[in-house]
Structure formats: C-alpha cells, structure tokens
Protein chains: 2
Amino acid sequence: MAFSYEHARPALAVDCVVFGLDDEDLKVLLIQRGVDPFQGKWALPGGFVRIDESVDEAARRELAEEAGITRVFLEQLYTFGAVARDPRDRVVSVAYYALVKLSDHRVVAATDAREAAWFAASELPSLPFDHDEIVGKALARLQGSVRYRPIGFELLPQKFTLTQLQRVYETILEKTLDKRNFRKKVLGTGLLLELDEVEQDVAHRAARLYMFDKKRYRELEKDGFLFEI
Amino acid sequence: MAFSYEHARPALAVDCVVFGLDDEDLKVLLIQRGVDPFQGKWALPGGFVRIDESVDEAARRELAEEAGITRVFLEQLYTFGAVARDPRDRVVSVAYYALVKLSDHRVVAATDAREAAWFAASELPSLPFDHDEIVGKALARLQGSVRYRPIGFELLPQKFTLTQLQRVYETILEKTLDKRNFRKKVLGTGLLLELDEVEQDVAHRAARLYMFDKKRYRELEKDGFLFEI
DNA sequence: TCAAAAGTGTTAAAAATACACCCATGG
DNA sequence: CCATGGGTGTATTTTTAACACTTTTGA
C-alpha cells in the first residue's frame, strides 16, 4: 500500500530526551538504533508519527515501545526542521523531553531486542542526526524550567527527603545550594506535605519524608500563584 | 506530478502570530483566507512547508508572501499536532511568533489579493482551525519572554523614548508600572544607549531618545549575563 | 564512641516597592 | 499661561545571601 500526494511531504518524526537522576548524576536514556541510517549507534528514542495519532501520542507511544516507559512527565521541546538533518530523507522531528523517576525505570525494558541504557548527561557519546543539539536544547529547557515550575519532583520517588530534593536542583542547575536557605524556600512554598515517615535503612539519622502537594498546587495555580525556587 | 510514500504522511504547515504595537494596543496580523477550508475567514498567516526549505525558512517565506513582512524577530512557538485540527486533511503545524515595528508595517502589503489587517489582540474574531489556541499560546509566551529577554525593543522603532518602552511592557504584561522604578531598572541594565536626540513634533517637552545596545548585549550574554525587567 | 547526615536562626546586603513634585515645551 | 508629558530621589519593605553548631542514629 502506498500513499500519494500532490506535493512532496517531509516525513514527521518525534524524538525524546528522557532524563533520570540517580545517586551520581543526571542521566539521559539512549537507544541503540536498529535500522539505518546509523544502525547500531546510540541515539534518542523516537520514530515516525502515524497518520491516526497526535504528535503527543506518537511521543508517548515511542517511549513505551522503545523503552517501556509510560506515565511520565512529557512535554514538547522544539521542532527541528533543517532540510538536511537526516541524510536520507527529509525528516522534520518534533522533540520532547521527559522526566522519569529512575527508581521506577532502573531496568529499561528493551522491547524489540534493541539495547537501551542510561548515560550521564555530561558524558554522552556523540549522537547521530542533530541529536546533540536536541539534547543541548533539552538541558537548557530543563535548567530554565526547574526553577519556575514544580517539575523537579518528577525525578524523585513520590516520597522524598529535602536533601534528595536539594540534590535535584543542585544537579540540574550545576551549582551548590545552601541547605538552610533551600529548606526555607521550598517549605515556604507551602507545597510540601510533611509525612509522619522517615527514610529507611540509612546508616545515620533518618531524614523526614515529604510529598509534593499536587492538588494544592493546582488550586494555587488557578489563582495566579507562581512556583519559584 | 505526484509523490508517493510507503506510509501515510501528515502535511506539514507553519502558522505565524505576528504582533505589533500601536498607540492603542497590542495588535495581531490576520489574513483573509483565499482557499478552502474556511475561505474568506480571518486566520493566521501561514502555509505548507516545501520539501526543499527548512521549517524556519517556510515561516519567513509565508510572512513575506502573505504580508510583505521581512527581517523581523521570528521565533518558533510550538507545534500543534492534534489529529483533527484541520477538518480536511491531517495537517501538523509548526507555529511561530513574530514581533514587528508597526511603524514599518503600518500598511500591510496584501500581495496576492488577499486582505491583511491588524486586529487588537484582546478583540480578535474567532479564528478557524486551532488558531485561537495558537494565539493564546503566543500571548503567554510573549508575556513570559518579555521580562527575561530583550525582545520588547522589536516592537519599537530603532530610536524610542523611555515612555514608549514602558508602554510596551505595560501593554504586554497588562499592568501599569511605576515610571521612576521602571527607568531605574532599564537604565540599570546598561543596555540603553542615550542619544543626543529628542522626539520631534510633540506638543509638550520632547523626550530623549534611546537605542538598544545589541552589540553590548551579545557580549554580556556570552558571560552569562541575564537580562531582566 | 564515632561517623555521617539531619536539622535549625540570625544578621547583613541587595532588590523591590511606594510615593510627589518641578521642569520644559508648544499651542 | 496653561496643558501635557518629561524627568528625577528617598525611605520602607521584602527578599536573598551568608554563615556554624547541635542532634540523632546506626555501625
């Protein structure tokens, strides 16, 4: 079956920059390409947009198919439309970035026999197409967004310590923060629920656990409240 | 001549939200559609991406063709990819927003006999496709960007008074600002060149003219300087 | 009892805000 | 001479930044 159009059409693809955070650093998920061009090379997960799905749906589908990742924070990043960004065909790609709780996705499901693996964002191999540029833009967006929107929580388990949260910000912003000032500020937002629980199995005083109060955030947001760290 | 592909492909279009500022308010440029669907209705300027041009180039070309607008600030906004956003065909649209000096484009060149006109952003007619949503997103982006990036100047003549600049911010942010504090802040950026000129033909004391120091901004930007009003 | 991280307040500096009058110009 | 907008400084409040020790816990 073939499809015919009066004018030539670019192919339309999606690519996803998936971020995760572990004890060491910020990670990006890469997939070993199963097809040419660049077969065997590490690249961003992605694929072509089908005719009967939205572009957003395509991004979610590719994440699920290629990495077994579902129900994550996913947001459109930028559309890359240079004529020669793909050496074979004209392909325009809508890039997305995702934030996942690494604890949930430590073992990446490489579904169709393709390898998937986490790489430190600061030590990525050189990537095919314009994927280096896409990752660069995603990092910049992440750094810009994390201070003004409550998305840092997406990288942590549902229950987390304030020190873990501080590490999220320090890792993304690439600078150290003052512990007391940080706590003052995040608790000052009124968006952290203090739980009657502490972390388990640590070889020192156990820290209190908190949750992000998403419901309250949505209410405040309606009234024009701006999150800021 | 027809083009045939193994898989069905969405058509790829661009749409542009062009902002201008006059004495009254913030304006958006609309074009009367020359073709179906929605022939005769006011809509955003735009059109299909050609196979041999980048998406950015397509946006600039459409602006030039449909409105005679060239050499303006133009930036990608968001890609709209819902399946049914166009009632006839599957069309994914990469939206852009542009800022123009209305003084330069007061008379819009309606090239191919189609009408073009400026509408107050707050009183737009209801637009076809998802163009209402696109304009909404463009306004939100403009409001978010104007405080952190020196783009307000794009709406003014090269030489402007501080009162004109203040009006840019007041109009976009939809709130009044204190004159003394505003001046303190913009002059404090060190990015305004004070000229030895004043405005002409006003029935009161003539205000001093300033220019944005783009060269100096680019230097400071390299060193991590962040513009902020 | 030691190591390791949790938890906690105050002070100083900087930035943001509120606020009102005189000045220059053209009509 | 008057109407119109141009231009200017200070005091207060709020926000941010700097900074160090005691507590808890498990090994």
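Refer to the structure presented above.
From a predicted model like this one, the values you see are computed outputs, not experimental measurements.

Looking now at the protein's contact with DNA strand D. Lining the immediate surroundings of DNA strand D are 17 residues, of which Asn181 and Arg205 of chain A together with Lys179, His204 and Arg208 of chain B lie closest. The sugar-phosphate portion of DNA strand D accounts for 36% of its atoms within 4 Å of the protein, the bases making up the rest. Take Asp178 of chain A: an N or O atom from its side chain is 3.2 Å from a base nitrogen of DNA strand D. Lys179 of chain B places a polar side-chain atom, nitrogen or oxygen, 2.6 Å from a base nitrogen of DNA strand D. Of all the elements in the fold, those that place two or more residues in the surface near DNA strand D are α5 (179–188) of chain A together with α5 (179–188) of chain B. Of all the elements, α5 of chain B adds the most residues to the surface near DNA strand D, at 4 residues.

When chain A is fitted onto chain B, the two copies agree to an RMSD of 0.0 Å after a turn of 180° and an axial shift of 0.0 Å. The superposition operator between the copies reduces to a two-fold rotation axis. Closest to the rotation axis within chain A is the C-alpha of Ser4 of chain A, separated from it by 2.0 Å.

Another aspect to go through is the protein's contact with DNA strand C. Close to DNA strand C lie 17 residues, the nearest being Thr163, Lys179, Lys184 and Arg208 of chain A together with Asn181 of chain B. The contact atoms of DNA strand C, taken as those within 4 Å of the protein, divide so that sugar and phosphate hold 40%. Interatomic distance of 3.0 Å between a side-chain N/O atom of Thr163 of chain A and a phosphate oxygen of DNA strand C. For the surface near DNA strand C, the secondary structure elements donating two or more residues are α5 of chain A together with α5 of chain B. Top element by residues in the surface near DNA strand C is α5 of chain A. It accounts for 4 residues.

Conventions we followed
Each chain has its residues counted from 1, following the order in which its sequence is written. In the order they appear in the text, chains get letters beginning with A and ligands get numbers beginning with 1. The predicted nature of this model means local features are confined to residues of pLDDT at least 70 and side-chain atom pairs, given and counted, to a pLDDT of 80 or more, with totals for whole chains, interfaces and linings taken over all residues. Water and hydrogen atoms play no part in the side-chain values, which are based on all heavy atoms of the structure. One heavy atom suffices: a residue is near a molecule or strand as soon as one of its heavy atoms comes within 4 Å of it. The term polar contact refers here to a pair of N or O atoms within 3.5 Å; inside protein, the definition further demands a hydrogen-donor-capable atom paired with an acceptor-capable atom, and it admits residues adjacent in sequence only when both atoms are side-chain atoms. By the criteria applied, helices consist of DSSP H or I runs no shorter than four residues and strands consist of E runs no shorter than two, each listed in order from the N terminus. Copies are brought into register by a least-squares superposition over C-alpha atoms of residues with pLDDT of at least 70 in both.

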